[in-house]
Amino acid sequence: MSDPIVTICEHYHRDRSRLMDIVREVQARQGQVSPEAEAVIARELGCKPVEVQSTVSFYAFLSERPVGHIPIRLCNDVVDRMAGAAEVARAFERELGIPMGSVTGDGLFGLHWTPCIGMSDQAPAALIGDLPVTRLRPEDVPELVEILRLSKDPHAIPREVGDGNNAHPLVRSMVHNNIRRSGPVCLSPWPRGEAVHRAAAMDPREILETIGTSGLRGRGGAAFPTGMKWRFAAQAPGARKTVICNADEGEPGTFKDRVLLTEQAGMVVEGMIIAARAIGADEGILYLRGEYEYLRAFLESVLQEYRADGLLGSSIAGLGGFDFDIRIQMGAGAYVCGEETALISSCEGRRGDPRNKPPFPAQKGYLDRPTIVNNVETFCCATRIVLGGAEWFRSLGTESSPGTKLLSVSGDCERPGVYEFEFGTPLSSVLRAVQADDAQALLVGGPSGQFVQEAGFGRTIAFDDLGTAGAVVVFDHSRDLLEIVEQYMEFFCEESCGYCTPCRFGNEVILQIVHRLRTGWGKPEDLDLLRELGQVMRKASRCGLGQTSANPVLSTMDQFPHIYESQIARPRGFDLAAATSQAEALAGHPSRHLEKEGDHA
Amino acid sequence: MPEEVTLTIDGKKITAKIGQSILEAAEENGVYIPHLCALQELHSTGACRVCMVRIDGRYSASCTQPVSDGLQVEVESDELLEIRKMIVEMLFAEGNHFCPCCEKSGNCELQALAYRLGIDSVRFPYQFPQREVDAEHPDVFIDHNRCILCGRCVEASRNADHKTALEFIGRGKNKRLAVTGIVDLDRADKAVSVCPVGAILLKRQAFQVPLGQRRFDHEPIGAEVESRNPEVRTP
Amino acid sequence: MTTAVKPRIATVSLAGCFGCHMSLLDIDERLLDLVEIVDFDRSPIDDIKTFTHRCAIGLVEGGCANDENVHVLEEFRENCDILVSIGECARTGGIPALRNSIPLAECLDEAYRSGPTVYNPTGTLPTDEELPLLLNRVVPCHEVVRIDYHVMGCPPSAETLWQVLTALLSNEKVQLPYELIKYD
């Protein structure tokens, strides 16, 4: 009998650049990628075991140690914590008899925390195996665990399926779309396939012209003009070019791409085909975040339908030479892979380290080929622009920000979900629509975006005002903003790739200082230090993660200065009790200097 | 395409060869830009971020930014000095750098940069992380306490030694250097000789150069570069 | 010459090896110049154990390894106008901080129970209330109180200390020549 790992490697033609797929399959099959497995993979691919280890150790969903036959990953995003994730965790710990971060003795269950899984509108949520389980309540946990114990299969969890394609036989998930407001661009019906036929009939330069004139800018957060990006790739020399769809939606509080992939997948695919025609690409990659594995089979079927209809593959829409196909590349739990160059590294089977720019992906991207990477929503827009025309698109939104924007709204509001608004919509209108009447703060763009206080609710969603990839989290007056800032900093510490100094260490320092401020042990000089450090991270970090990860602190210091100043009003000096805790336990008595310290504290 | 371009560094025009980085061009013209991960004969990793400059107003690492015609580069400013200082302070607080008992002291680029930048205290809480000393190799010590994750050795092993004996594993604060196996690393490897700090040291070489006669004992780091330019005085 | 007008200096060695104090003594005959212009208050040099007056300058050798160190350092902060960290231990934790990545219980176990030269048949750890409690980690002085100046070196050379002291006493900026800037 041949080694199953060898078989997996053979399936991928022993291609080093497909290492992500190989280790993901080994992980799924064996519940770990053991050092022994790494050695076999290295031998098969002709690389060093340390290279395999380098990739495996980078991603949260891959592990050298067993993570449990059924890994239960509870989402610890801020919104999930607000919705009671801690109580759900305690219920699981009780039921399984193990603490978070460990595996049951029989190896059946692993209990782990994981950052935002894109279900903030139905929190608290978890991934059990690959399946999202939403709106968890502590009282449901015993039955859930009982069923899993008996069936050893997450698919046995009885659940009502969600709306729309969540009920599709290849999905069958309890996830709900919560589409609260449809707009004319992304969330309304489109004539399937027509845009591809039109693109095939257009000269590539004409497509570039149309996308450029439409004023479309990237919807993933960076807002780069899409037409310009495509033009660079079109002009770059190279026999082979690549179109990548960034479906690694990882910004905490963002879930609109999940809804697009569930309901409008064809529009995304068509957008990619249009891009391929425009730049002359023959290969497409849909990079799907590991958390959305449950959508994979469905998306494969969508691609298959397009192939069957002659809209994907060779001679697309009957046009000789228009050859382009798309594969799905799964991620494995790494927020930084949402950064386009990190995503490309990941597609090549490497650590998700961002790359130095230049060279830009449009010149030298996936496997050194000219590559464009666009967000899911951007491709939807491209499809609609080819159908409706650049002028029509420009008539929506504002002069600087044409079109519409999908917002993923969650937190303290009555109607969390996905909203399609025209650019230029003020936050106050968003708040009315989502029914949030006690908002203290809005986090626009997720933690890498900015906190806005009440006085700023007249500001608008637009690239020249509040640019955003789409997350809007509402915090009412009962919330402790400093605690929320601390939790978001935990997220960035967890997700920094560690490549560059300011991000790797800066986030840690911010977390530690915010923690000591919050617990009353801050120093007066801490506020200046936070500000200066935040600026250095913004200026000197190597990629967007570190350039924006100080934003929770910087924007709350700007918008809510009192939450910091009140913490240092009466400095308490040095925390001697905490500093002597170990010795106190060993000696059996507290420090004799403690009482006196306490007196003038 | 012309072979040479003209750019401005702190208001002074210099010429540079196409393909050079800002850092290389500056050095060739006697302008020292503090840096840790970049090394002339290696591909720049851009990891340490010490060599930050402003190019036409935008912040950029000078080691990974290629020259082009007409660039206005700002190297010396209070703001950039502050960025560099803070990053060096971060590296000191992040690892375990005990200069008084380190064999690299006096030859250490991290220490020398701190001297040059005038760092007399570190504003960040010292982390004192628990890290290992790997003494398994017959000729080489790898002391993870001192590693600043600059990537020189990884880069050298991959592209100069053509071995990939070293790689990074883990991410974030858990990122660290890993060796495939002791057989892969040789004492003569470039990977062994490029460490800017005392993280990779040859065994049985300690104190062969006595304190007082080491690389940075009498002249600051960068003085050598600046000696090419009579207008610059090393601080 | 009246003592009242001379600025007062206090010195202390916390978690240090007294090497910095030795280095201070190494200024040799300049000690005589020094006592012309300053008076020593609390210091091991004159064996004064408590502050007698407010001091202009406090020199602190060593970081904080135990609660006593913290207490003394806080007293120095309260009683000195200018507080100076002297040497690597005060500035960074230094050699005593080499224990910081090891849990305290393990350190004490090796020191008092399992170390190769230990004879301790009862296996008791020193727990008398009069003994200082060790901190979980040795910390540099500036993580405990505000420090005004840091002098590097292990120890700082006599020349360094002399230059720093004379600059502080004459209200001038401390500017050391490159050769005196040393972390070792």
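Residues numbered from 1 in each chain as written. Chains lettered and ligands numbered in written order. Predicted model: local features only at pLDDT ≥ 70, side-chain atom pairs only at ≥ 80, totals over all residues. Heavy atoms only, no water.

**Observations concerning the interface of chain C and chain A**
- Taken together, the contact between chain C and chain A spans 22 residues of the former and 19 residues of the latter.
- For the pair chain C and chain A, the summed buried area comes to about 1,900 Å², and 57% of that belongs to carbon and sulfur atoms.
- Run the count over chain C and chain A and you get one salt bridge.
- The interface formed by chain C and chain A contains 10 residue pairs in polar contact (both at pLDDT 80 or more).
- Taken together, the elements giving at least two residues each to the side of chain C that touches chain A come down to α3 (67–79), α5 (104–114) and β6 (134–139) of chain C.
- With five residues, α3(C) is the single largest residue contributor to the side of chain C that touches chain A. (Contact = heavy atoms within 4.5 Å. Buried area = accessible area lost by both parts, 1.4 Å probe. Salt bridge = Lys/Arg side-chain N within 4 Å of Asp/Glu carboxyl O. Polar contact = N/O pair within 3.5 Å; in protein donor to acceptor, adjacent residues only side chain to side chain. Helix = DSSP H or I, 4+ residues; strand = E, 2+ residues; numbered from the N terminus.)

**A look at the state of the cysteines**
- Summed over all chains, the structure comprises zero disulfides over all chains.
- Just so you know, Cys186(A) is unpaired, no disulfide at all, and the nearest cysteine sulfur is the one on Cys381(A), 4.2 Å from it.
- With no disulfide of its own, Cys141(C) lies closest to Cys64(C) among cysteine sulfurs, the gap being 4.9 Å. (Disulfide = S-S within 2.5 Å.)

**A word on the interface of chain A and chain B**
- Taken residue by residue, the interface counts 40 residues in chain A and 41 residues in chain B.
- Per-residue buried area on chain A facing chain B is highest for Arg504(A), Phe505(A) and Lys539(A); these three make up 20% of the total on that side.
- Glu495(A) is paired through a salt bridge with Arg171(B); the nearest N and O atoms lie 3.0 Å apart.
- The tally of links between chain A and chain B comes to 22 residue pairs in polar contact (both at pLDDT 80 or more).
- For the side of chain A that touches chain B, the secondary-structure elements that each account for two or more residues are α4 (49–56), α18 (481–495), α19 (501–518) and α20 (526–540) of chain A.
- For the side of chain A that touches chain B, the element with the highest residue contribution is α19(A), accounting for nine residues.

**Some details on the domain arrangement of chain B**
Residues and elements named next belong to chain B.
- Segmentation of chain B into domains returns domain 1 (4–84 + 218–226) and domain 2 (96–202).
- Between the C-alpha centres of domain 1 and domain 2 there is a distance of 24 Å.
- At the junction of the two partners, domain 1 supplies 20 residues and domain 2 supplies 18 residues.
- Contact with domain 2 buries area across many residues of domain 1, yet Leu-36, Leu-42 and Ile-221 alone supply 41% of it, more than any other trio.
- Taken together, the elements giving at least two residues each to the side of domain 1 that touches domain 2 come down to α2 (78–94) and α6 (223–226).
- Of the residues in the side of domain 1 that touches domain 2, the class split is 12 nonpolar, four polar and four charged. (Domains from an automatic or database assignment. Nonpolar A, V, L, I, M, F, W, Y, C, P; charged D, E, K, R; others polar.)

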